[in-house]
Structure formats: structure tokens, C-alpha cells
Amino acid sequence: MTYDWDWNAVRDSLPLLWQGFRTTLLATVLGTLVAAVLGLVAALAARAPARLVSLPVRAVMEFVRSTPLLVQLVGAYAVFSSVDPLTIGVVVLGIHYASYLAEVYRAGIDAVPAGQWEASRALSLSPRRTWQSVILPQAVRKVLPALGNYAISMFKETPFLAVITVTEMVAEAREYGAYHFAYVETFTLAGLIFLLASYPTSLLMRRLEKRLGH
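Residue indices follow the written sequence of each chain, beginning from 1 at its first position. Two thresholds apply to this predicted model, a pLDDT of at least 70 for residue-level local features and 80 or more for giving and counting side-chain atom pairs, whereas whole-chain, interface and lining totals are computed over all residues. Remark: hydrogens and water are excluded; side-chain values derive from all non-hydrogen atoms of the structure.

1. Description of the overall build of the chain
Moving on, step 1. Within the chain, the regular secondary structure consists of 8 helices and 0 strands.
Moving on, step 2. Counting from the N terminus, the helices are the DSSP runs of H or I reaching at least four residues and the strands are the DSSP runs of E reaching at least two. Taken from N to C terminus, the helices and strands of the chain fall in the order α-α-α-α-α-α-α-α.
Moving on, step 3. Viewed in the frame of its principal axes, the chain has a C-alpha envelope of about 75 × 45 × 25 Å.
Moving on, step 4. Each residue's exposure class comes from its accessible area (1.4 Å probe, protein chains only) as a fraction of the maximum for that residue type: buried when under 20%, exposed when over 50%, partly exposed otherwise. Residues counted as buried form 37% of the 214 residues belonging to the chain.
Moving on, step 5. Contacts are residue-level and defined by heavy atoms, with any inter-residue pair within 4.5 Å sufficient. Long-range pairs, those at least 24 residues apart, make up 76% of the contacts in the chain with a sequence separation of at least 6.
Moving on, step 6. Surface accessibility follows the Shrake-Rupley procedure with a 1.4 Å probe radius. Residue values consider only the protein chains on display as shielding. Counting every atom, the chain has about 12700 Å² of accessible surface; 65% of that belongs to carbon and sulfur.
Moving on, step 7. Counting 18 positive and 14 negative side-chain charges, the chain places the averaged centre of each group 18 Å from the other. The charge count includes Lys and Arg as positive and Asp and Glu as negative, but it does not include His or the ends of the chains. Working definition for charges: the position is that of NZ of Lys, CZ of Arg, CG of Asp or CD of Glu.

2. Some remarks on the environment of Glu-103
Moving on, step 1. With respect to the element layout, Glu-103 can be found in helix 4 (residues 85–110).
Moving on, step 2. Since its relative accessible area comes to 31%, Glu-103 is described here as partly exposed.
Moving on, step 3. For the pair Glu-103 and Ala-46, spaced 57 residues apart in sequence, the C-alpha separation works out to 9.8 Å.

3. Some details on a positive patch on the surface
Moving on, step 1. Only residues whose relative accessible area exceeds 30% and that take part in no salt bridge are eligible for patches, with like-charged residues grouped when within 9 Å of each other and nonpolar side chains (Val, Leu, Ile, Met, Phe, Trp, Tyr) grouped when within 5 Å. The working definition used for a salt bridge is a side-chain nitrogen of Lys or Arg within 4 Å of a carboxyl oxygen of Asp or Glu. Taken together, the side chains of Arg-141, Lys-142, Arg-207 and Arg-211 define a basic patch exposed on the protein surface.
Moving on, step 2. Breaking the positive patch down by element, the ones donating at least two residues are helix 6 (127–157) and helix 8 (183–213).
Moving on, step 3. Tracing the backbone shows Lys-142 in helix 6.
Moving on, step 4. The class of Lys-142 is partly exposed, set by a relative accessible area of 43%.

4. Side note on the packing of aromatic side chains
Moving on, step 1. Aromatic contacts are taken between Phe, Tyr and Trp rings whose centres are within 6.5 Å, Trp giving its six-membered ring; a plane angle under 30 degrees counts as stacked, one over 60 as edge-to-face, and the others as tilted. This model, assessed by the stated rule, comprises 9 aromatic pairs.
Moving on, step 2. With 6.5 Å between their ring centres and 50° between their planes, Tyr-97 and Tyr-100 make a pair best called tilted. Here Tyr-97 pairs with Tyr-100, and both are found in helix 4, just 3 residues apart, close to one helical turn.
Moving on, step 3. Judged by relative accessible area, which is 4%, Tyr-97 ranks as buried.
Moving on, step 4. Classification of Tyr-100 by relative accessible area gives partly exposed; the value is 26%.

5. Focus on the side chain of His-96
Moving on, step 1. One can find His-96 in helix 4.
Moving on, step 2. There is a polar contact of 3.0 Å between the side chain of His-96 and the side chain of Gln-72.
Moving on, step 3. Ignoring sequence-local partners within four residues, the contact set of His-96 consists of Val-64, Thr-67, Leu-69 and Gln-72. Whenever a nitrogen or oxygen atom comes within 3.5 Å of another N or O atom, the pair is scored as a polar contact, on the condition that within protein one atom can donate a hydrogen and the other can accept it, and that pairs from neighbouring residues in sequence are kept only if both atoms are in side chains.

6. Re the pattern of salt bridges
Moving on, step 1. For the structure on display, the rule yields 5 salt bridges.
Moving on, step 2. Two residues, Asp-110 and Arg-47, come together in a salt bridge whose shortest N-O distance is 3.0 Å. Taken together, the residues span a long stretch of sequence, with Asp-110 in helix 4 and Arg-47 in the loop between helix 1 (7–46) and helix 2 (51–66) at a distance of 63 residues.
Moving on, step 3. What emerges from the salt-bridge pattern is a single network uniting Arg-47, Glu-103, Arg-106 and Asp-110.

7. Section: a nonpolar patch on the surface
Moving on, step 1. A cluster of nonpolar side chains, namely Leu-25, Leu-26, Val-29, Leu-30 and Leu-33, defines an oily patch on the protein surface of about 410 Å² accessible area.
Moving on, step 2. Note that Leu-25 resides in helix 1.

8. Overview of the confidence of the model for the chain
Moving on, step 1. pLDDT gives the predictor's per-residue confidence on a scale running from 0 to 100. For the chain, mean pLDDT is 91; residues scoring 70 or higher make up 98% of the total.
Moving on, step 2. Element-level mean pLDDT values for the chain span from 83 in helix 5 (residues 114–122) up to 97 in helix 3 (residues 69–79).

And the structure:
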């Protein structure tokens, strides 16, 4: 038994998938920005001398890392049902990946040579100036490839947003396929779009990692 590929379905569904791709890309970009900023804040808070600050932050990060993204999306959507679903999706994606990026930032900060801290103290730099001008620029440079890889992972997990009614690319493919009985064509096309978007980016991250490693 052979399957008759329907090129008309590909042609007709492509504008809808492109519209969904824009939503997917928007969620990824905004989610990555939230994760990058919040992850850095969490990493710094987890290093705070005050245990009243560091312990709750670490507990929250462990909780987020230990629960599935899908559960977090559904839970947030149930609690904040009056909020725009895309906004909920972006925030949940950002918080979810921030819990992982916090560890990436921590590793980057720990990788800064001890001599940099000693030199900052010798120059009588304030703690704020030390972090802002010496430590963080070096730490962020070291973790850029990892940040990019997590952004790619987020991009590939955006289909989960469909459970909170966000019509991203896979949701568009499913809706068109259900209405026109063309699942194979639409899901194949969606998969190719994911591949064309994520694979070159992953190659770029590998080159960046090699370049920064020297």
C-alpha cells in the first residue's frame, strides 16, 4: 500500500505554518530573554551570603527542574486563566529554562580565575564594580554557547504551548491536517521547518564554542 503525497496540501498549509512559525519564534526569543536574565539573577541570588535569600532561590530552582514543563504550563494556565496564553507560555518557558541557565551561569562564574578576584581587590574595586566590569563579562563569554543550545532546546519544545491554546506551528499543522486529512504532509513540513531553523543554529553554536575555547 502506497501513500499519495498531496502537494496541494503542502502549498495550502505553508502560509498557515509560516504564521505559526512566527508565533513559535516569538515565544522562543522572548522566552530566551526571560531565561537569560532571570537565570543570571537566580545564579547571583543563590550565591548570596544571606541564607534567607540563597536557600529559597535554590529550592525554587530545584522544584522547577524536578517538574515537567508540560505540568508547569497547565498549572500556570489554570491559575492565571485571565492572562494571554502566549504571555503565560513565554513566562513559563523563561522560568523553566532559567532554572537550568542559573547552573550554567554558576559554572561560568566559578570558571573565572581566582586571580581576577584578587586583582579586583588589589585595585580596591567595589563588589558591584567587580561583578559588573570584571567577573560577569568573563563568565557570560564562557557560557554563551550553552545559552545558545538551551535556546535551541526551547525552540523545539514550543509545541507544548498548544496545551494552553497557543497556536504555534505544530498546532497549525495539526489543525490543517485534521480538517483536510493531510497529517503526513503538514507534520513533515513542520518538521522540516524545525530542522532548517535549528540545525544551522546548532552548527553556529558549535563554531562559537570552539572559538571561545581557544
